[in-house]
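Reading the structure
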Amino acid sequence: MGTERHRDASGVVAAVGEDFGEPELDLLHARGIETDDIERVEGAGTTSRHVRYGFDLAFADMIETQPGVGADFHPALSDAAAGAELAFLGSVAP
């Protein structure tokens, strides 16, 4: 992860379900990743996908998608996240 190699501040803005627990957060913290902008939604599951990759990793076959909390997520950025010099954006849409 970026913080281990470059010692830059790094964080995550995401919605996760109640299946995303303390062990997962501890893993991120151990790598120096800030988790203040992770929103845990009770009663829901984390968005997940089951894909199969072949020889060319640029292409994947979608087997199953569980939209989980990501389907209705509208991020609210903290001041730290909003002021970040660089952001990597991902999408929950397959």
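A quick note: this is a predicted structure, and the numbers were derived from the prediction, not measured.

Remarks on the nonpolar core
Among the nonpolar cores identified, the biggest contains six residues, and these are Val 16, Phe 20, Leu 25, Leu 28, Ile 33 and Ile 38. Of all the secondary structure elements, the ones that give two or more residues to this core are helix H2 (22-30) and strand S2 (33-41). Every residue in contact with Leu 28, bar those within four places of it in the chain, is listed here: Phe 20, Ile 33, Thr 35 and Ile 38.

Points about the pairing of strand S3 (residues 48-53)
Across six bridges, the pairing between S3 and strand S4 (residues 60-66) is antiparallel. By the bridge assignment, Val 51 is partnered in S4 with Met 62. Counted between consecutive antiparallel strands, the loop separating S3 from S4 contains six residues.

Thoughts on the confidence of the model for the protein chain
Looking at the protein chain as a whole, the pLDDT averages 83, with 88% of positions reaching at least 70. Least confident of the elements in the protein chain is helix H1 (residues 2-6), whose mean pLDDT is 52; most confident is H2, at 94.

Describing the environment of Asp 37
As for its position among the elements, Asp 37 is in strand S2. Judged by relative accessible area, which is 17%, Asp 37 ranks as buried. Along the backbone, Asp 37 and Pro 75 are 38 residues apart, and their C-alpha atoms lie at a distance of 8.5 Å.

Comments concerning the side chain of Asp 37
Here Asp 37 is buried and forms no salt bridge, its nearest opposite-charge partner Arg 40 lying at an N-O distance of 14 Å. In this structure the side chain of Asp 37 is engaged in a polar contact, spanning 2.8 Å, whose partner is the side chain of Ser 78. With near-sequence residues (within four places) excluded, Asp 37 lies in contact with Val 12, Val 13, Ala 14, Ala 76, Leu 77, Ser 78 and Ala 81.

Concerning the pattern of salt bridges
What the rule picks out here adds up to one salt bridge. Between Arg 40 and Glu 22 there is a salt bridge, with the nearest N and O atoms lying 3.7 Å from each other. On the criterion of sequence distance, the pair formed by Arg 40 in strand S2 and Glu 22 in helix H2 is long-range, its members being 18 residues apart. With relative accessibility at 34%, the residue Arg 40 sits in the partly exposed group.

What counts, and at which threshold
Residues numbered from 1 in each chain as written. Predicted model: local features only at pLDDT ≥ 70, side-chain atom pairs only at ≥ 80, totals over all residues. Heavy atoms only, no water. Core = buried A, V, L, I, M, F, W, Y, C linked by side-chain atoms within 4.5 Å. Buried < 20%, exposed > 50% of the residue type's maximum accessible area, 1.4 Å probe, protein only. Helix = DSSP H or I, 4+ residues; strand = E, 2+ residues; numbered from the N terminus. Contact = heavy atoms within 4.5 Å. Pairing = 2+ DSSP bridges. pLDDT = per-residue confidence, 0-100. Lys, Arg positive; Asp, Glu negative; His and termini not counted. Salt bridge = Lys/Arg side-chain N within 4 Å of Asp/Glu carboxyl O. Polar contact = N/O pair within 3.5 Å; in protein donor to acceptor, adjacent residues only side chain to side chain.

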